[in-house]
Every structure is written in C-alpha cells, then in structure tokens.
Amino acid sequence: MDELMRVENLTTAELYRAAEILKGGGLVAIPTETVYGLAANALDPRAVSRIFAAKDRPFFDPLIVHLADVDWWPRVVSEFPPLARRLAERFWPGPLTLILPKSNAVPDLVTSGMPTVGIRIPDHPLTQQLLRMADIPVAAPSANPFGRLSPTTAEHVRQQLGDRIEMILDGGSCRVGIESTILQIHGDAVTLLRPGGIDLESIEALIGPVGRPSPSAQNQPAAPGMLDSHYAPRTKLSLVDQIPHQAPSASVGALVFTEESNLSGYAAIETLSSSVDLVEAAAGFFQALHRLDQGGLELILACPFPDQGLGRALNDRLRRAAHG
Ligand code: TXA
Ligand code: MG
C-alpha cells in the first residue's frame, strides 16, 4: 500500500471513530480554519453539558453551532433572512458566525437561554467530512479551558484538555489563527459582536455599515466572549505603545508584529510577520503566545497592531489578554 493511501485510510478510520463518538454524546476536538473547537452534538443537552464541564466554562457563555452546509439551517435556526443569506453566500465556509433566532430543537444550554443561536460553516476539509459523516450540527467553543489562550494546533489541545476529552482530530495548524467574526442579525440591521477572521472592511463592502454594540452592553452576559479578561496567557502580558529597545529585566519576552532590529536583552522575541502582513500575523498569533507563555517569563510585552483589517481582531485579543 503506498503512503498516501495508508494516510487516507488512517484518516477515514479516525473520522469514522470521531463521528461515532459525537453520535454517542462524547467530545471530540476538531480542527477548523480559525482555532480548534471542542465539539459535541448540539441537539443533545447531556453532550453539550460535557463541553461546559471539560472547559470549566460558565453556563452564561453561549456556544457556536457548526454546520456542514447552509441547507442545514432549518435544523437549528427558525429563520434565515435575506441579509444572512448574502453573508453566507459570500463568506461560508469561513470564519463568520451569524447570530439568528434559534429553532426549538436547540437546547437552552447551547444558547444560555437566549432566543438566538450562533451558527457557522467551518472551512476545514476534515471537519467538513466529519460533520457530514455524523450528520449532526455540533456545538463547539474554542478547545481551551475557559478564559485561556485559544488552541491553534492539536498539541495545544492535548496540553490544555487532553485528559478530559475522548479524541483530538489532528488537522494541522489552523490557517486563519483567530476566532470567527460574530455578527448579530436582526432584520436588516447588523451588529458586530466580535471582530475576527473576516475583516470588517470586507463585510461592509458587501452589506454597508455595520453597527457596534453600545459600550454599556459590553459586559452583559449576552455576549460573554466579550468579557474584558479573556484569551489570556498565564504569564502577565502588558500592552505598551512601543517595545523599549532595552528589556526592562532579564526574563521579559516581546511579541512584535514585524522585524524590530534594535531590541536587546529580551529572553524571547516572537516576530509575527517580517513582511508586515496582518493575515500572516493572525495565523501565528496564538502559537507565538503559547510559546512565550511556556518560556518561564515574568512578563510579556506587546504593542497594538495597525487598527485595520485583521489588526482589529488582533488588538481585541491583545487587550483582553492584557486585562487579567
Ligand atoms: O472561530 C470560532 O468562532 C471558534 C471555532 C471553534 O468555531 N469558536 C469560538 O467559540 O470562538 P467560543 O465559544 O470561544 O466563542 C463563542 C462566543 C461566545 O463567547 C459569545 O460571545 C458568542 O460566541 N455567542 C455565541 N452564541 C451567541 C448568541 N446567541 N448571542 C450572542 N453571542 C453569542
Ligand atoms: Mg473561546
């Protein structure tokens, strides 16, 4: 048997096992283009409750439901308005989550009791196949303990949750590297709940201006992914306007967007994109933070990205990582 066939057979066997686990109410970590998700049957409240237990996630934080195909929408939402359709046609499969009125089939646990549910079609071949094989919508938050760094490799999941779940489906490094953009759709109005892997410019080019939630709504449990402290390394992280040339002490690490030639005395420097590319920076962002977090440092310094394109989502993650 040649190598390619051997790998394909292996993968098929793994997908089959993953589908059986999901159908049986178990947990599987799945690769997506954004970050790894911790998946369970979205229509089975007992399976969903296991997600919350494995992550130590509070029940007020609702989950995103993943579908194989846009035709699956009637399984989980009660209406799919024309605006949602336009967004879906353009950006699915891909890193965009749409918040829509939920159908009765979706347990309250998935939505934290809200009348809406977040849905998306992930753009990863293994997970697409898995969803079709299992033939069930799966609820999947990022596969990390609540509030900690998101996983963008199977190894990150193994380290953070390995002993709490049945299986990790290894689909390599996540291509986009940051979570999906979340849009709330109400009729023909759209609100940005979380900046993410599809930039606002592309969305507004398609549908016109997108609203922002009012500042007073920021800390309400309606969108707890927006809690001030989130996506945090264990090591203290400080946001600064500029990384000082000389490290303030011996065990400080720096997370920099692009090549900075004159930094000295840092215990570790992670450069995200030597070609000054925000897409490349996003792809490596969580991996760099995981490495810095494991470097035994006392402090990580980072400065904000340009506030455009994926830079918005990166700045959002940095601010929350620095808050803790
Ligand atoms: O890219 C992603 O979105 C990844 C992959 C695995 O798909 N998933 C992810 O899930 O980031 P999670 O659980 O880390 O973030 C989900 C966030 C919640 O914290 C909440 O802010 C928002 O989605 N959300 C989910 N359902 C909602 C709803 N009905 N209304 C408002 N916000 C909702
Ligand atoms: Mg998360």
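Residues numbered from 1 in each chain as written. Chains lettered and ligands numbered in written order. Predicted model: local features only at pLDDT ≥ 70, side-chain atom pairs only at ≥ 80, totals over all residues. Heavy atoms only, no water.

Here's the deal with the pattern of salt bridges
Counting across every chain of the model gives 14 salt bridges. Two residues, Asp108 and Lys102, come together in a salt bridge whose shortest N-O distance is 4.0 Å. Given the relative accessible area of 49%, Asp108 is considered partly exposed. Beyond isolated ion pairs, a larger network of salt bridges with shared partners links Glu179, Asp316, Arg317 and Arg320. (Salt bridge = Lys/Arg side-chain N within 4 Å of Asp/Glu carboxyl O. Buried < 20%, exposed > 50% of the residue type's maximum accessible area, 1.4 Å probe, protein only.)

Some remarks on the environment of Pro45
The topology assignment puts Pro45 in helix α2 (residues 45–55). As a C-alpha pair, Pro45 and Val110 span 65 residues in sequence and 7.8 Å in three-dimensional space. Leave out the neighbours within four places in its chain, and Pro45 touches Pro107 and Leu109. (Helix = DSSP H or I, 4+ residues; strand = E, 2+ residues; numbered from the N terminus. Contact = heavy atoms within 4.5 Å.)

A word on the domain arrangement of the chain
When cut into domains, the chain gives domain 1 (3–218) and domain 2 (236–322). In total, about 1600 Å² of surface goes out of reach between domain 1 and domain 2, with carbon and sulfur atoms giving 58% of it. For domain 1, the biggest contributors to the area lost against domain 2 are Leu149, Ile178 and Pro195; these three give 35% of the whole. The interface formed by domain 1 and domain 2 holds 2 salt bridges in total. Residues Glu201 and Arg312 are paired through a salt bridge, measuring 2.9 Å at the closest nitrogen-oxygen approach. Here domain 1 and domain 2 share 8 residue pairs in polar contact (both at pLDDT 80 or more) between them. When residues of the side of domain 1 that touches domain 2 are traced back to their parent elements, those giving at least two are α6 (154–161) and α7 (200–207). In terms of residue count, α6 provides more of the side of domain 1 that touches domain 2 than any other element does, 3 residues in total. (Domains from an automatic or database assignment. Buried area = accessible area lost by both parts, 1.4 Å probe. Polar contact = N/O pair within 3.5 Å; in protein donor to acceptor, adjacent residues only side chain to side chain.)

Regarding the packing of helix α8 (residues 278–293) against helix α9 (residues 311–323)
Contact pair α8 / α9: the axes reach a minimum separation of 9 Å and the direction vectors enclose 30°. Judged by the inter-axis angle, α8 sits roughly parallel to α9. For α8 against α9, the interelement crossing comes out left-handed. From α8, Leu278, Ala281, Ala282, Phe285 and Phe286 reach across to α9, where they touch Gly311, Leu314, Arg317 and Leu318. Class assignment for the residues of the contact of α8 with α9 results in 7 nonpolar, 1 polar and 1 charged. (Axes fitted to C-alpha atoms, helices over the stretch in contact; angles between N-to-C directions. Parallel < 35°, antiparallel > 145°, perpendicular 65-115°, else oblique. Left-handed = near helix turned anticlockwise from the far one by under 90°. Nonpolar A, V, L, I, M, F, W, Y, C, P; charged D, E, K, R; others polar.)

Points about the site of ligand 1
Around ligand 1 lies a shell of 26 residues, among which Thr34, Arg57, Asp61, His66 and Ser180 are the nearest. In the environment of ligand 1, an oxygen atom lies 2.8 Å from a nitrogen or oxygen atom belonging to the side chain of Arg57. Ser142 has a polar side-chain atom sitting 3.0 Å from an oxygen atom of ligand 1. Across the complex, the protein chains shield 98% of the 680 Å² of accessible surface that ligand 1 would expose by itself. Mapped onto the shell around ligand 1, the elements with two or more residues apiece are β3 (64–66), β5 (116–120) and β9 (189–194). Here the residues of the shell around ligand 1 are counted per class, giving 14 nonpolar, 7 polar and 5 charged. (Near = heavy atom within 4 Å. Areas by Shrake-Rupley, 256 points an atom, 1.4 Å probe, with all protein chains shown as cover.)

What about α9?
The first and last C-alpha atoms of α9 sit 18 Å apart over 13 residues, in line with the 18 Å expected at 1.5 Å per residue. Taken together, the buried positions of α9 are occupied by Gly311, Ala313, Leu314, Asn315, Asp316, Arg317, Leu318, Arg320 and Ala321. (Expected span 1.5 Å × (residues − 1).)

Examining the nonpolar core
Core analysis: the biggest nonpolar cluster contains 67 residues, and Leu87, Leu96, Leu98, Ile119, Leu183 and Ile203 have the highest contact counts within it. The residues contacting Ile203, other than those within four sequence positions of it, are Leu87, Phe91, Leu96, Thr181, Leu183, Ile198, Gly208 and Val210. With 25 residues, the next largest nonpolar core counts Ala281, Phe285, Ala288 and Leu289 among its residues. (Core = buried A, V, L, I, M, F, W, Y, C linked by side-chain atoms within 4.5 Å.)

What to know about the sheet that holds strand β10 (residues 237–239)
Across the sheet, 4 strands lie side by side as β10-β13-β11-β12; this open sheet has parallel pairing. On the outer flanks of this sheet lie β10 and β12 (268–271), each paired with one strand and no other. Along the sheet, successive strands turn relative to each other by an average axial angle of 20°, direction set aside. Across 4 bridges, the pairing between strand β11 (residues 252–256) and β12 is parallel. In the sheet register, Leu255 faces β12, and the bridge partner there is Glu270. (Pairing = 2+ DSSP bridges.)

Examining the sheet that holds β5
An order of β7-β1-β2-β6-β3-β5-β4-β8-β9 is seen for the 9 strands of this open sheet, with the pairing classed as mixed. In this open sheet, the two strands that pair with only one neighbour each are β7 (167–168) and β9. Relative to β5, strand β4 (residues 96–101) runs antiparallel, the two being bridged by 4 bridges. Along β5, the bridge assignment pairs Ile99 with Gly118. Sitting on the sheet, α2 touches β2 (37–41) and β6 (138–139), and the angle it makes with β2 is about 155°.

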